[in-house]
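Each chain, written out:
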Amino acid sequence: MKNTTAMVEVQVGGARVRIPAGSSVAAALAQQPPGCTRLSVSGQWRAPLCGMGVCHECRVLVNGRECLACQTVCENGMHIATSTARTGGAA
Ligand code: FES
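These notes cover the structure that comes with them. Treat the numbers as computed from the prediction; the structure is a model and nothing was measured. (Residues numbered from 1 in each chain as written. Predicted model: local features only at pLDDT ≥ 70, side-chain atom pairs only at ≥ 80, totals over all residues. Heavy atoms only, no water.)

1. Looking at the pattern of salt bridges
Stated precisely, the cut-off is as follows: A side-chain nitrogen of Lys or Arg and a carboxyl oxygen of Asp or Glu constitute a salt bridge if their distance falls within 4 Å. Think of it in three bands: residues with accessible area under 20% of the maximum for their type are buried, residues over 50% are exposed, and the middle band is partly exposed, with areas taken using a 1.4 Å probe on protein chains only. A run of DSSP states H or I qualifies as a helix once it reaches four residues; a run of E qualifies as a strand once it reaches two. Both are numbered from the N-terminal end.
Tallied over the entire structure, the rule returns four salt bridges. One salt bridge connects Glu9 with Arg16, and the closest N-O pair in it is separated by 3.7 Å. Of the residues examined, Arg16 reaches a relative accessible area of 64% and is grouped as exposed. Ionic pairing is found between Glu57 and Arg38, a salt bridge with its closest N-O pair at 3.0 Å. In this pair, Glu57 sits in the loop between β4 (45-46) and β5 (59-62) while Arg38 sits in strand β3 (residues 38-39), placing the two residues 19 residues apart along the sequence. As far as burial versus exposure is concerned, Glu57 and Arg38 are alike and both buried. A network of salt bridges, in which partner residues are shared, links Arg38, Arg46 and Glu57.

This is how it looks when you write it as structure tokens:
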């Protein structure tokens, strides 16, 4: 059986991630372990938690604008910057 799922490609940090069209940015992050989004003010890694726009743990920069990863749909060519990418962290 032929797979007809349309795919889009986004960049998470420096990595290319292919994901089914209509997937959230949070889903793209989950494909790029460890899937963290940012550092808390105390320096702890954060990741999507509620998945419905309430907790704001999934804040990332998408094409230079701060977005909630769980509420943003991936588009072909998107650049998703996490704190990991911005700080050059090891996570
Ligand atoms: S995961 Fe909670 S707001 Fe996105």
